[in-house]
Structures are given as structure tokens and as C-alpha cells.
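Analysis of the macromolecular model
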Amino acid sequence: MISSDAGTNRGQEMALLIWPSLILAAGYGYMVTFASHQPGWQPAYALALLLGGFWGVHLILRVTRHGGDQFLLPLAACLTALGLIFLFRLDPDLAYRQIIWTILGLLVLIVVAIGFRDYQRLEQYPYLFLSLGLFFLFTTVLAGTRIGGAKSWLTLGSFRMQPVEAVKVLMVMYLAGYLSDKRELLVQGAGRISWGPLLVAVALAVLLLVLQRDLGSALILLVTFLAMLYLATGKLRFCVAGGALFSLGAVMAYLAFPYLRARIAVWINPWADYTGAGYQVVQALITLGSGGIFGTGLGLGYSQVIPAVATDFIFATMGEEMGLMGSVGVIFLYLLFALRGFRAALRAPEEQGMLLAGGLTVLCTFQALVIMAGVSKLLPLTGVTLPFVSYGGSSLVISYLLLALLLNVSAAGREAKP
């Protein structure tokens, strides 16, 4: 059923897209005026291509009368635009690659938003998603490349990808299909046949991530599972039991893995080895502190001394140059994204849509919370990307795939509304 013209002309989305456009225009002004390092590419053409991508997606959604939420795309575009501005400040070549990855992500968004608009077809293949996810994890454990302590990369010639970004979305799609299908049996406690495959699948995925030393992704996947379990059953005791099992597993992992004990020690007191293991955390704290309330200004920070600043620590750069107010602004964008994602979940016409949108929203926003808290030393550092912002092709493309699924669930909720 097609919704009304007022709902599909996407006027709010068009108005809101002005904000990321202004951010990119301001970034271009900085490039041509103050940048000391001129890139080997034309920023004007690249940024025009990116703006064309955002506005092109809007026009396609409008022409196809897509009824998806009109705030989600502008929010994602604002985050991506902010990330690009700081990436250019840190490394213009990485910024150029990020623009290419963003265009690829927008193409994936269009394919999924238009080609899989009826997301309920996905309900038929939960075990296919589970199989693909476990296949990627097993392959990474056996043949992955270790970078930054975690064996979470696959290398094919000059091409390198991080399969766990896709695995997290595949697991959410599996859980949405399985939990919606078995919900009644799970609520009634009707047995091991229903609980067994679910717990084995999640435990195996978390174990494979721990073996890769990708503890951040393991934590994010487990929290997303518990959130979806609560959404499906409404039973808080299941989540409490899951949290207790997680705590027990965390203690066992702490005792079994020396690298985990070292990471916790760095979190508790990074100054004890501030030139070695604690160097990143200490530099991030200094960077955030030097930003003060209003920041040093674009290009006037020194966060480039932090290793992996373009990926894991880009929030430190933003905090230094935009200050506390800018950091709060970034957090506010993620909160708005969560609000619109949960709104799509609540308005979904059936249970699978509710679980899919709720799970994807938890996945994206909890990952953002984990890395921002890790950079600020509120949590142990986990080494995951800041969705839509950090440099990284796998993360960015999968983030826009996630966005497309949220758009489709929100569109179904709108079309089902009388």
C-alpha cells in the first residue's frame, strides 16, 4: 500500500540535508584556506561527488515514494560529513578513500532500500544469515590477519576487510527471524529445543570473537542479543540471567587470557606505563582535556600523535578541536539516531520488524557508546569504530546497509498505519 503524497515527498529529509551540506562546505573552505598539506586529488570534485551522493539518494527515495523515516539519512550524513572533515585534517589521502567508501555505502543503501523494501522476505532465511556469519568468523580465526592485537582482518592481495562488521548485522537478522518464530515457545519455557540452538549460536559467535581478541565486538554482540531477547519475550529475568553468565564468562576470560588482564590494567591506570601500553589512552585523555569547553578550533589540535587516531580515536580529535560542546553534539546525534530507530521498531507492523529495527538500533548506538566511553576512559578500550564517522570501508558500508534496513522497517510501519 502506498502512503499519501504528504508522507512520501520527503520534504523534511530535503530540508535536513542542508546541514551535512553546510558541514562539507565549511570543511572545503578550511581545506582551501588553511590546510598545509595539499592532497593529490581535487577536494572540490570529491566533495561535490559526495554531496551528489547524499542528494541523489534523497531523490531516488522520493521518486520511488519510499516512506522510510526522514531523519535517519540526514543524521547519518551529518556524522559522515563531520568524520570526513576531521579525516582530511588528519590525513587527506584517508579522507579521499573515505569518500569512495561513502559512495559505495550509499549505493548499497539504494540497492537494499529499493530491492529489499519488503524486508519480511528476510524472515525466511535466518539460518542462512547465521551460517554466513559463522563462516566469516571461522575463516577469520583460521586465516585472518592480526592488526593492533586483534586477528579480525581478512587480506586478499592489496584488499583488506573486517568481516566482523558484516557478522554483527547478519547475527541481528538471524536473531530477528529466530526470535519472532520461536517467541511463544521461549516465553512459555517450552524447552530446550527452542533455547538450545539460540544459545549455542550466540555462544559460538562470542567465543570466536574472543579467540580473535576482538573483545569489543563480542561485548556489542552479546548486549545486542540480550536487548533483542528482552524485546521478544518481555522477560527481564532472561536478561539478568544472560548478564550473570556474561559476568562469569568475563571473569573466566580475565583469568585465562593475559592480554585481557593487561588491557584492564591499562584502563585502571594508564599512567603506570604511559610511554608503552598506556600511551594511546594517556594521549587521548590529554587531547580531550586540551579541548576544554569550546575546543581549540579545526586544525589546531595535536591528536595526530595518537596511533590509530583516524579509526579508533577520531572521537578524541573531535573532542579536542570542537571541545566538550562539540563532543556533546556528536553524542546528541547518536541519541537522535537511536530515537528514530526505536520509533521505527515501535511502529513496525509485525514482530520481526520490531526486533530487526530494535536490534540494529542497539547495535549501532551501543557500538558508538562503547568506543566513545573507551576513548574517554569510562570503559576499557575495545578498538571498534565509531559508526558513520571513523575511517574504514567495511564499517562505513555496513553502517549504510544497516541504515537501509531501518528505512525499510520504518516505511512498512508507516504504510501499515491506517
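What to know about the overall build of the chain
Within the chain, the regular secondary structure consists of 16 helices and three strands. Scaling as 2.2 N^0.38, a compact globule of 418 residues should have a C-alpha radius of gyration of about 22 Å, and the chain matches this with 21 Å. Considered along the principal axes of its C-alpha atoms, the chain spans approximately 65 × 60 × 45 Å. Relative to its full complement of 418 residues, the chain shows a buried share of 52%. For the chain, long-range pairs separated by at least 24 residues make up 75% of all intrachain contacts whose partners lie at least 6 apart in sequence. Split by element, the accessible area of the chain, about 18200 Å² in all, is 69% carbon and sulfur.

Describing the packing of helix α4 (residues 43–63) against helix α6 (residues 92–115)
Contact geometry of α4 with α6 gives a least axis separation of 10 Å together with a crossing angle of 10 degrees. Comparing their axes, α6 and α4 come out roughly parallel. Along its contact with α4, which presents Ala46, Leu47, Leu49, Leu50, Gly53, Phe54, Val57, Ile60 and Leu61, the element α6 presents Ile99, Thr102, Ile103, Leu106, Leu109, Ile110, Ala113 and Ile114. In terms of residue class, the contact of α4 with α6 is built from 15 nonpolar, two polar and no charged.

Remarks on the packing of aromatic side chains
Under the counting rule described, the total for this entry stands at six aromatic pairs. Here Tyr127 and Tyr178 contribute two aromatic rings whose centre-to-centre distance is 6.3 Å and whose plane-to-plane angle is 90 degrees, an arrangement assigned as edge-to-face. Remark: Tyr178 occurs in helix α8 (residues 164–187) and Tyr127 occurs in helix α7 (residues 126–143); sequence separation between them is 51 residues. Given the relative accessible area of 2%, Tyr178 is considered buried. Ring pairing ties together the aromatic residues Tyr127, Tyr174 and Tyr178, which thus form one cluster. One cation-aromatic arrangement involves Arg160 over Trp153; the distance from NZ or CZ to the ring centre is 5.2 Å.

Focus: a nonpolar patch on the surface
Judged by side-chain polarity, Ile293, Phe294, Leu324, Met325 and Val328 come together as a nonpolar surface patch covering roughly 530 Å² of accessible area. If you trace the backbone, Phe294 turns up in the loop between α13 (279–291) and α14 (314–346).

Considerations on the nonpolar core
Of all hydrophobic cores here, the largest spans 125 residues; its most connected members are Leu109, Leu198 and Leu403. Beyond its immediate sequence surroundings of up to four residues, Leu403 is in contact with Leu72, Leu73, Ala76, Leu109, Phe337 and Phe388.

Quick notes on the confidence of the model for the chain
In the predicted model, the chain carries a mean pLDDT of 87, and 93% of its residues have values of at least 70. For the chain, per-element mean pLDDT is lowest for helix α1 (residues 5–8), which scores 55, and highest for α14, which scores 95.

Some words on the packing of α8 against helix α15 (residues 351–375)
As a packed pair, α8 and α15 sit with axes 9 Å apart at the nearest point and diverge in direction by 150 degrees. Relative to α15, the crossing made by α8 is right-handed. On α15, the residues touching Glu165, Lys168, Val169, Val172, Met173, Ala176, Gly177, Leu179, Ser180 and Arg183 of α8 are Glu351, Gln352, Leu355, Leu356, Gly359, Leu360, Leu363 and Gln367. Its residues assigned to classes, the contact of α8 with α15 shows nine nonpolar, five polar and four charged.

Description of the pattern of salt bridges
Applying the stated criterion across every chain, the model contains five salt bridges. Across the pair Glu13 and Arg10 runs a salt bridge, and its minimum N-O distance is 2.8 Å. The buried category is assigned to Glu13, whose relative accessible area is 0%. Note that Arg89 is salt-bridged to Glu321, the shortest N-O span being 2.5 Å. Here Arg89 is found in helix α5 (residues 72–90), whereas its partner Glu321 is found in helix α14, with 232 residues between them in sequence. Neither Arg89 nor Glu321 differs from the other in exposure class; each is buried.

So, how was this worked out
- Residues numbered from 1 in each chain as written.
- Predicted model: local features only at pLDDT ≥ 70, side-chain atom pairs only at ≥ 80, totals over all residues.
- Heavy atoms only, no water.
- Helix = DSSP H or I, 4+ residues; strand = E, 2+ residues; numbered from the N terminus.
- Rg over C-alpha atoms; globule rule 2.2 N^0.38 Å.
- Buried < 20%, exposed > 50% of the residue type's maximum accessible area, 1.4 Å probe, protein only.
- Contact = heavy atoms within 4.5 Å.
- Areas by Shrake-Rupley, 256 points an atom, 1.4 Å probe, with all protein chains shown as cover.
- Axes fitted to C-alpha atoms, helices over the stretch in contact; angles between N-to-C directions.
- Parallel < 35°, antiparallel > 145°, perpendicular 65-115°, else oblique.
- Nonpolar A, V, L, I, M, F, W, Y, C, P; charged D, E, K, R; others polar.
- Phe/Tyr/Trp six-rings, centres within 6.5 Å; stacked < 30°, edge-to-face > 60°.
- Lys NZ or Arg CZ within 6 Å of the ring centre and 35° of its normal.
- Patch = residues over 30% accessible without salt bridge, like charges linked within 9 Å, V, L, I, M, F, W, Y side chains within 5 Å.
- Salt bridge = Lys/Arg side-chain N within 4 Å of Asp/Glu carboxyl O.
- Core = buried A, V, L, I, M, F, W, Y, C linked by side-chain atoms within 4.5 Å.
- pLDDT = per-residue confidence, 0-100.
- Left-handed = near helix turned anticlockwise from the far one by under 90°.

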